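# Analysis of the macromolecular model
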Amino acid sequence: MTAQPCLTNPPEGMAIHPKRPCSALYLHVPFCLQKCPYCSFFSLAGKNHLQPLYAKAVSMQIRQTASNCANESCRLETIFFGGGTPTLLPTETLARLLGDCLNAFPVAADKKLEITIEANPATVDKNDLTILRLAGFNRLSIGVQSLTELELALLGRPHTALDARQTFSDARQAGFTNINLDLMYGLPGQRIADWRYNLEQALALAPEHLSLYELTIEEGTPFAEQVRRGSLRLPAEEDVLAMLEETKTLVRQAGFRRYEISNYGRSGFQCRHNINYWQNRSYIGLGPGAVGCLNHTRYTATKDIEQFAEHIAAGKPIWEDEEHLTKEERFRETVIMGLRMTSGISIAGLQKRFGIDPLAYYGPTLDRLIRQGLLHHDNDHLCLTDRGLLLANMVMAELV
Ligand code: SF4
């Protein structure tokens with residue numbers, strides 16, 4: 001069999017190999033009510049008038065991409081509508097776009113499909129959530145961030161803690177049985193007790209999954225400027241470490257297992273879409289600004305919605321960036337990404353996939369990290385220790 005193109009206007013050399021099937025699709029919705037001052041994701045506030053143009057172009061991109069894909073072994077197992085704030089699109093539009101994906105791409109059997117949508121509190125009500133559930137979304141990820149009003153105001157979030165609780169309750173009533181809550185810790189002025197309160201409140205809602213992220217200050221955001229000016233002070237490092245310790249205890253008592261640096265799930269509720277990223281596998285990225293990775297090439301679509309729509313309609317390339325990854329680059333990325341997971345990486349698995357032995361490749365660096373108690377090596381497995389998970393950025397910097 002010859003390799004066939006699998007993308008709308010695939011960049012040079014981006015034909016998907018028949019033996020390298022793709023099982024994950026990410027669809028980016030770049031609209032937000034307002035821009036949060038810490039956010040560096042690609043999202044636009046005040047551009048809702050572009051939504052009809054966006055929806056038409058993405059619908060076309062779904063069909064074009066699927067019809068160009070001749071890899072018969074491709075079966076979507078996960079679909080993720082992320083943003084931005086996907087739920088700013090009209091619910092009927094979201095249902096139609098998901099229908100387009102399910103009609104256009106071969107999909108795995110029903111029970112194997114994980115279909116996630118991110119939602120911000122106060123952008124959906126029970127009726128919307130019922131329509132989304134009926135359309136086929138079976139996993140909801142709610143961007144709560146905090147359950148304390150003062151913190152929400154500081155984060156510039158356009159919702160209250162009550163809104164978040166209401167959205168969660170509406171989602172349950174709409175039939176969602178797999179719900180993730182996103183929360184952030186290490187916020188300016190946050191004390192350990194404040195974080196404990198947030199986490200206890202979140203656990204009291206009994207979600208299936210928690211994504212708990214430390215606030216990071218991203219260059220180019222208003223928060224970065226405020227930190228530079230000294231008007232925003234982050235908690236001391238030892239307090240942030242204490243928050244993480246507190247987290248480990250509380251989530252374990254509540255029946256969650258940490259399976260990635262920032263992610264905790266009840267048994268059987270780990271996010272399969274994200275695991276695909278951490279295993280450094282292929283995925284399709286659709287929508288303006290979306291990143292995809294197919295056939296060893298990472299590509300990014302233009303962020304200009306009007307240009308995106310114009311190029312899709314004209315069958316012209318939409319890529320703003322493309323990067324072909326060598327085998328060695330993919331190997332190193334797979335090590336770094338895989339170590340994010342508490343299960344770590346399989347040495348034999350890496351050897352089989354890349355023909356490279358990580359023990360020999362990293363040699364003395366790896367020995368030192370093991371001696372320092374940051375990595376644990378056990379027969380075929382290499383994983384971060386508890387201390388290594390706390391200092392993961394430092395460890396990754398040594399292996400990149
Ligand atoms: S809602 Fe999310 S994507 Fe939108 S600006 Fe805030 S953090 Fe960024």
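Residues numbered from 1 in each chain as written. Predicted model: local features only at pLDDT ≥ 70, side-chain atom pairs only at ≥ 80, totals over all residues. Heavy atoms only, no water.

## A few points about the overall build of the chain
Helix and strand counts for the chain stand at 15 helices and 19 strands. In terms of overall dimensions, the chain has C-alpha extents of about 55 × 55 × 45 Å along its principal axes. Counting every position in the chain, which comprises 400 residues, the buried fraction comes to 52%. Here the analysis covers contacts within the chain between residues at least 6 apart in sequence; of these, 68% occur between residues at least 24 apart. As presented, the chain carries roughly 17,700 Å² of accessible surface, and 51% of it is formed by carbon and sulfur atoms. Where the 40 positive side-chain charges of the chain centre and where its 44 negative ones centre are 4 Å apart. (Helix = DSSP H or I, 4+ residues; strand = E, 2+ residues; numbered from the N terminus. Buried < 20%, exposed > 50% of the residue type's maximum accessible area, 1.4 Å probe, protein only. Contact = heavy atoms within 4.5 Å. Areas by Shrake-Rupley, 256 points an atom, 1.4 Å probe, with all protein chains shown as cover. Lys, Arg positive; Asp, Glu negative; His and termini not counted. Charge placed at Lys NZ, Arg CZ, Asp CG, Glu CD.)

## Concerning the pairing of strand 3 (residues 24-29)
Strand 3 sits mainly inside the fold: 6 of its 6 residues count as buried. The alternating pattern of strand 3 places A24, Y26 and H28 on one face and L25, L27 and V29 on the opposite face, and all of these are buried. Relative to strand 6 (residues 78-83), strand 3 is paired through 6 bridges, and the arrangement is parallel. Its bridge partner being in strand 6, L25 is matched across the sheet by I79. Two elements, strand 3 and strand 13 (residues 284-286), share 3 bridges in a ladder whose sense is parallel. Residue pairing in the sheet places Y26 in a bridge with G285 of strand 13. (Pairing = 2+ DSSP bridges.)

## Let's talk about the domain arrangement of the chain
Each domain of the chain was delimited in the assignment, giving domain 1 (4-278) and domain 2 (327-399). If you average the C-alpha positions of domain 1 and of domain 2, the two centres end up 27 Å apart. Taken together, the contact pairs 13 residues of domain 1 with 10 residues of domain 2. Area buried by domain 1 at its contact with domain 2 is led by R258, I261 and W278, which between them contribute 48% of it. Where domain 1 touches domain 2, the interface holds 2 salt bridges. (Domains from an automatic or database assignment. Buried area = accessible area lost by both parts, 1.4 Å probe. Salt bridge = Lys/Arg side-chain N within 4 Å of Asp/Glu carboxyl O.)

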